[in-house]
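Structural overview
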Amino acid sequence: MADVNPQDSRHTEARGPLFYIGAAGLLLAMAVEAVSVIGRHIGVPLLGAIEIIQSAILLTATAAMVSTTICRAHARVTLLADRVGPSARGALKRISALLSVLFFAGLAAGSLWLTVDTWSEFEESELLHISFRPLRLVSFAGAAVIAALFLRELFRRTGERR
Amino acid sequence: MSGTLGVIALLVLLTLGVPIGVAMGLVGMVGLMVLLGPEPAIVKSGVVLFETVSRYELGVLPLFLLMAHLCFAAGASRDFFDAAARMIGHRRGGLALASIAGCAGFGAVSGSSLATAATIGLIGLPEMKRRGYSDALATGSIAAGGTLGSIIPPSGALIVFGIIAEESIGKLFTAAILPGITQTLFYMITIVLLCRWRPSIAPTAERASWAERRAALLRVSDVGGLILVVLAGIAFGWFTPTEAASVGAVGSLALCAWRRALSRTTLMNSLAQTLRTTGMIYVVIVGALIFSVFMSVTGLAAQVEALMAGLGGGPIVAIIVMTVLLLLLGSVLDGLALMLLTTPILLPIIVNLGLSPIWFGIYLIRTMEIGFVHPPIGINLYVIQGIAQDTPLTRIFKGVVPFLAADFVHLSFLIAVPALALALPAWLGQ
């Protein structure tokens with residue numbers, strides 16, 4: 001599960017707001033869930049814990065997907081890429097970046113569609129009345145940013161080739 | 001027809017090196033556009049994205065990852081190996097046995113095959129080399145032992161399967177306990193038999209004193225206790241898997257503090273690594289879920305099922321055909337891609353055959369693990385070669401062959417006796 005590699009030094013990279021958003025969401029989810037477990041076992045349940053965790057995890061997951069794209073750490077099968085020359089490898093990377101742009105643009109379009117569709121319905125969670133509007137916007141923004149990052153990678157690679 | 005074309009397109013994209021999640025998601029999205037039209041395809045993709053990133057049950061993933069990274073930062077990685085080496089390292093083959101025990105213990109923390117092989121390899125290989133062990137036995141035992149990381153809960157592969165198959169992650173964790181223990185025992189028996197056959201491959205060594213043994217056991221007791229609480233909590237229903245993951249993460253923070261390893265840098269590094277792996281897995285899950293919707297619309301599973309029914313012979317023949325298919329695909333695809341590609345096609349067949357999806361999850365991950373150690377991909381073998389650079393790859397392949405044989409016997413056992421996976425959840429009333 002964990003990519004715990006003692007030889008991995010990528011974690012020393014600079015950290016920006018994205019990291020702090022994701023980390024804050026994760027620590028919030030951890031703390032709320034732990035308090036909720038203790039509360040349940042001592043007879044003082046924390047109402048709405050699941051709703052807080054859902055929102056926190058949404059922030060963490062979205063920030064994490066963008067972080068992974070920035071770090072170019074997506075899981076791939078490298079069977080072919082490891083066995084071809086530099087020019088063919090460059091071509092494979094450009095194809096990969098182009099397809100990734102299309103996929104995340106599709107996801108962004110779908111998220112935007114849903115956001116617009118449900119905007120006037122004022123969706124919210126049951127207990128804490130957390131509005132879904134900002135959550136849907138975060139999900140859309142995440143997909144759009146990842147599509148833009150892959151687009152930048154595509155043009156950068158095309159530029160490198162020239 | 002559209003389902004078959006989709007699978008072929010997916011295999012082509014995966015081979016071209018397109019990110020796994022993107023390849024699955026794009027094939028699914030385009031396939032849905034062709035079958036249902038652009039609007040439903042785009043809207044369904046948006047729904048899958050939002051439901052996945054806001055899904056409470058998936059919180060289990062980053063929280064267990066955080067627990068693993070914090071335990072690693074606390075220095076727990078070598079404790080399991082050290083404790084086992086002190087207890088049995090003096091016996092013939094004792095360090096190889098200790099490596100398997102270390103892989104099982106660390107596998108419970110890391111949940112990843114690669115991470116387990118790399119971590120225990122860094123600790124165990126130099127030690128075995130120093131004591132004059134055969135390089136084939138040393139590298140083979142750790143490459144095979146690393147696969148325990150995928151089956152011993154909490155395991156990332158089980159979590160991903162649970163999400164894709166919409167099965168209880170807690171039940172999957174409980175079901176994996178006995179197969180994980182028996183797999184560990186099968187590897188240990190293999191080492192004992194190898195050492196009896198050719199004693200020179202693993203010399204005996206000096207026995208550690210009881211004071212050293214006590215100290216090593218004491219050192220591993222805190223992280224061992226934490227893992228036990230997490231697993232027992234899930235198995236006995238004290239917590240849900242997400243709650244257990246959060247208890248584990250808080251416990252590992254306390255463990256870091258207890259071992260005086262908690263600093264701002266440690267915490268930040270653990271969080272950064274957790275986020276990166278989390279993002280990678282979320283993209284894969286989103287893509288796999290969209291692909292899964294596409295597969296269900298195509299009806300490919302029903303066609304494959306009809307094909308298998310045509311063979312006659314009932315569930316056993318179907319499972320044997322599936323096993324051969326999975327092992328062949330496992331030769332060219334990595335484990336995660338194999339699991340995500342085959343689950344939407346094979347799971348409905350399993351359900352229609354009257355077999356348990358929980359058993360199927362354990363069987364699938366067990367088959368996937370074999371792909372980690374058999375050529376031509378056998379990614380664990382390359383990880384081990386990266387550490388033992390003076391050992392040729394052919395020696396590592398040779399070393400892993402007896403463990404592969406043990407894997408096949410264990411897999412056959414799991415197929416013949418499904419209770420190996422299903423008895424514990426049933427006994428605990430899950």
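Residues numbered from 1 in each chain as written. Chains lettered and ligands numbered in written order. Predicted model: local features only at pLDDT ≥ 70, side-chain atom pairs only at ≥ 80, totals over all residues. Heavy atoms only, no water.

1. So, the environment of Leu217 of chain B
Residues and elements named next belong to chain B. In this fold, Leu217 is placed in helix H12 (residues 210-235). Accessibility expressed as a relative area gives 40% for Leu217, which makes it partly exposed. In this structure the C-alpha to C-alpha distance between Leu217 and Asp82, which are 135 residues apart in sequence, comes to 8.6 Å. Not counting chain neighbours up to four residues away, the residues in contact with Leu217 comprise Ala83 and Met87. (Helix = DSSP H or I, 4+ residues; strand = E, 2+ residues; numbered from the N terminus. Buried < 20%, exposed > 50% of the residue type's maximum accessible area, 1.4 Å probe, protein only. Contact = heavy atoms within 4.5 Å.)

2. A look at the nonpolar core
Grouped burial of nonpolar side chains is what soluble globular proteins tend to show. Residue and element names in this part refer to chain B. Residues Phe360 and Tyr363 are the most contacted members of the largest nonpolar core, which totals 187 residues. Among the elements that line this core, the one with the most residues is helix H14 (residues 264-298), at 17 residues. Once residues lying within four places of it in the same chain are set aside, the contact partners of Phe360 are Phe161, Met322, Leu346, Leu347 and Ile350. (Core = buried A, V, L, I, M, F, W, Y, C linked by side-chain atoms within 4.5 Å.)

3. Looking at helix H3 (residues 38-53) of chain B
Compared with the 22 Å implied by 1.5 Å per residue over 16 residues, the 23 Å span of H3 of chain B between its first and last C-alpha is a close match. Those residues of H3 of chain B that fall on the buried side of the exposure criterion are Ala41, Ile42, Ser45, Gly46, Val48, Leu49, Phe50, Thr52 and Val53 of chain B. (Expected span 1.5 Å × (residues − 1).)

4. Considering the environment of Leu102 of chain A
Residue and element names in this part refer to chain A. Locating Leu102 in the fold gives a position in helix H3 (residues 86-118). You can call Leu102 partly exposed: its relative accessible area is 48%. Spatially, the C-alpha atom of Leu102 lies 19 Å from that of Ala73, the residues being 29 residues apart in sequence.

5. Details of the confidence of the model for chain B
Of the residues in chain B, 100% have a pLDDT of 70 or more, and the chain-wide mean is 90. Complex prediction metrics read pTM 0.88 and ipTM 0.91. (pLDDT = per-residue confidence, 0-100.)

6. Describing the packing of aromatic side chains
All names here are of chain B. According to the stated counting rule, one finds 13 aromatic pairs over all chains in the structure shown. Judged by centre distance (5.8 Å) and plane angle (75 degrees), the ring pair of Tyr187 and Phe403 falls under edge-to-face. With Tyr187 in helix H11 (residues 169-197) and Phe403 in helix H20 (residues 393-416), this pair connects stretches of sequence that are 216 residues apart. What makes Phe403 buried here is its relative accessible area of 0%. (Phe/Tyr/Trp six-rings, centres within 6.5 Å; stacked < 30°, edge-to-face > 60°.)

7. Description of the packing of helix H18 (residues 357-373) of chain B against H20 of chain B
Relative placement of two packed helices is described by the angle separating their axes and the distance separating the axes. Residue and element names in this part refer to chain B. The geometry of H18 relative to H20 is characterised by a closest axis approach of 10 Å and an angle of 165 degrees between their N-to-C directions. Considering their axes alone, H18 and H20 lie roughly antiparallel with respect to each other. Classified by chirality, the crossing of H20 by H18 is left-handed. Here H18 contributes Trp359, Ile362, Tyr363, Arg366, Thr367, Ile370 and Val373 to the contact with H20, which in turn contributes Val400, Leu404, Asp407, Phe408, His410, Leu411, Leu414 and Ile415. Broken down by class, the residue content of the contact of H18 with H20 amounts to 11 nonpolar, two polar and two charged. (Axes fitted to C-alpha atoms, helices over the stretch in contact; angles between N-to-C directions. Parallel < 35°, antiparallel > 145°, perpendicular 65-115°, else oblique. Left-handed = near helix turned anticlockwise from the far one by under 90°. Nonpolar A, V, L, I, M, F, W, Y, C, P; charged D, E, K, R; others polar.)

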